[in-house]
Amino acid sequence: MTPATRTALIISGLLLGLILMSTLWVSREAMRIRRLRNATAVRNSDASGGMVWIAAGKFTMGANDGQPDEQPLHDVKVGGFWMDRTEVTNEQFGRFVDATGYVTVAERPVEGSGAAVGGYTFSAPERVENFSDVMQWWKLTPGASWRHPEGPRSDLDGRGKHPVVQVAWEDACAYAKWAGKRLPTEAEWEFAARGGLIHVPYVWGREKLPEGRWMANLWQGRFPQQDVGEDGFKGLAPVASFLANGFGLHDMAGNVWEWCADYYGADYYSHSARENPPGPSTGSERVVRGGSFLCNDVYSKGYRTGSRMRQQAGAAFAHLGFRCVRDGQAP
Ligand SMILES: [Ca+2]
Ligand SMILES: [Ca+2]
């Protein structure tokens with residue numbers, strides 16, 4: 001055998017080995033992806049009641065590019081839990097009301113008067129004098145309730161898959177209890193919303209509009225006068241109209257704000273427990289998270305994952321709903 005033949009044989013051998021190794025790697029990778037996809041399919045099946053298993057983990061809670069109440073950044077451990085894939089819908093809430101006869105806070109009569117408490121509805125003012133006065137666009141409307149989200153003349157026709165709104169904190173808790181679930185803590189909510197991403201501002205990643213695409217139901221146009229619906233929706237959207245985050249959860253940003261179990265504490269992050277923090281032990285308001293279809297860069301960036309907001313527990317709003325979690329075993 002000539003040296004040239006020997007070299008050619010060695011090179012051929014090496015090439016063959018490389019091809020074999022590549023083929024092996026590709027097939028193993030394909031198997032891994034198939035396994036992952038099957039596992040996700042099991043997690044999202046009807047058997048889990050439309051819930052996703054959020055495995056226990058550790059994450060960095062808070063953000064440095066937002067409001068002071070999002071600081072300091074701190075590491076938090078949370079246990080595993082099941083979480084609703086979507087916001088609770090009108091259909092789901094309707095089943096609860098049918099089964100129990102439950103009357104929401106907004107539907108109850110005000111003491112000493114025949115009128116119902118009502119809920120806050122949104123209407124665009126002609127002019128905005130001052131962005132800090134939200135009452136220019138929010139009005140307490142008698143007759144507004146989960147059945148009549150924008151006031152007595154509105155209804156739920158064709159809106160079964162829309163998130164339920166005009167529910168106070170105790171209404172959300174009552175539904176959760178009936179369903180064998182509970183509201184998420186603020187830490188659980190943020191851990192789930194981050195979907196495994198680290199130090200990025202949005203539940204979908206770093207860019208607000210990846211490839212020019214809206215990733216959540218927010219507000220486009222001049223706030224609060226004109227919602228142009230560039231993301232496909234003026235007002236509320238049916239749940240899961242946008243892609244899920246890394247954990248398979250939809251609308252963790254936008255559509256409706258979501259009640260959490262915790263009292264709100266502006267300085268809570270500076271002294272909270274580092275494992276399953278339950279929120280402050282007292283307070284006058286509860287935490288709401290995730291932003292809504294009314295969020296925009298001029299007025300509210302509540303759709304940033306680290307963004308925190310608060311609300312009076314007894315108040316019902318046209319842009320505020322919830323989703324539930326459940327303790328249990330990993331699938
Ligand atoms: Ca929109
Ligand atoms: Ca939401």
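As the structure is a computational prediction, the values presented were derived from the model and not from experiment.

1. A look at the overall build of the protein
A tally of regular secondary structure across the protein gives four helices and 11 strands. Reported as C-alpha extents along the three principal axes, the dimensions of the protein are approximately 105 × 45 × 45 Å. The 331 residues of the protein split such that 39% are buried. Taking contacts inside the protein between residues at least 6 apart in sequence as the whole, the part at least 24 apart equals 71%.

2. Notes on the nonpolar core
Counting 70 residues, the largest nonpolar core has Val52, Met83, Val165, Val167, Ala172, Leu183 and Ala192 as the members making the most contacts within it. Contributions of two or more residues to this core are made by β1 (51–54), β3 (74–78), β4 (81–84), β5 (119–122), α3 (169–178), α4 (186–194), β7 (257–263) and β8 (285–289).

3. Considering the sheet that holds β1
Strand order in the open sheet made by the three strands is β1-β4-β11, with antiparallel pairing throughout. At either margin of the open sheet sits one strand with a lone partner, and together these are β1 and β11 (325–326). Inspection of the sheet shows β4 paired to β11 by two bridges, in the antiparallel sense. Bridging across to β11, Met83 finds its partner in Val325.

4. A look at the sheet that holds strand β10 (residues 320–321)
Strand order in the open sheet formed by four strands is β9-β8-β7-β10, with mixed pairing between adjacent strands. The open sheet has two free edges, formed respectively by β9 (308–312) and β10, since each of these has just one partner strand. Sheet strands touched by α4: β7 and β8. Its angle to β7, the strand with the most contacts, is close to 140°.

5. Thoughts on α4
Along an α-helix, residues three or four positions apart point the same way, because every turn accommodates 3.6 residues. With nine of nine residues buried, α4 is to be regarded as a mostly interior element. What α4 keeps buried is the set Glu186, Ala187, Glu188, Trp189, Glu190, Phe191, Ala192, Ala193 and Arg194.

6. Topic: unusual backbone geometry
Along the chain, Gln71 connects to Pro72 via a cis peptide bond; the corresponding omega equals -5°. Positionally, Pro72 belongs in the loop between β2 (57–61) and β3. Each neighbour pair has its own omega, and for Phe223 with Pro224 the value is 0°, a cis peptide bond. A positive phi angle, near 65°, is found at Asn255, a position not held by glycine.

7. A few points about the environment of Pro201
Tracing the chain through its elements places Pro201 in the loop between α4 and β7. What makes Pro201 buried here is the crowd of 20 C-beta atoms within 10 Å. Along the sequence, Pro201 and Asp65 sit 136 residues apart, while their C-alpha atoms lie 8.2 Å from each other. Setting aside anything within four residues of it in sequence, one finds Pro201 in contact with Ala63, Asp65, Arg206, Arg304 and Thr305.

8. Section: the confidence of the model for the protein
When pLDDT is averaged along the protein, the result is 91, and 93% of the positions lie at 70 or above. Predicted confidence is poor over residues 36–47, with pLDDT under 50, and the contacts of this stretch with residues over four places away or in other chains come to 10 contacts.

9. Quick word on α3
Burial in α3 covers these residues: Trp169, Asp171, Ala172, Cys173, Tyr175 and Ala176. Check the buried side of α3 and you find it contacts α2 (90–100), β7 and β8. Two residues or fewer past α3, Gly180 is found with a positive phi of approximately 75°.

10. Looking at the domain arrangement of the protein
If you check the domain split of the protein, you get domain 1 (1–38) and domain 2 (39–326). Using only C-alpha atoms to locate each centre, domain 1 and domain 2 end up separated by 51 Å.

About the cut-offs
Residues numbered from 1 in each chain as written. Chains lettered and ligands numbered in written order. Predicted model: local features only at pLDDT ≥ 70, side-chain atom pairs only at ≥ 80, totals over all residues. Helix = DSSP H or I, 4+ residues; strand = E, 2+ residues; numbered from the N terminus. Buried ≥ 20, exposed ≤ 12 C-beta atoms within 10 Å, placed from the backbone. Contact = placed C-beta atoms within 7 Å. Core = buried A, V, L, I, M, F, W, Y, C linked by C-beta atoms within 7 Å. Pairing = 2+ DSSP bridges. Axes fitted to C-alpha atoms, helices over the stretch in contact; angles between N-to-C directions. pLDDT = per-residue confidence, 0-100. Domains from an automatic or database assignment.

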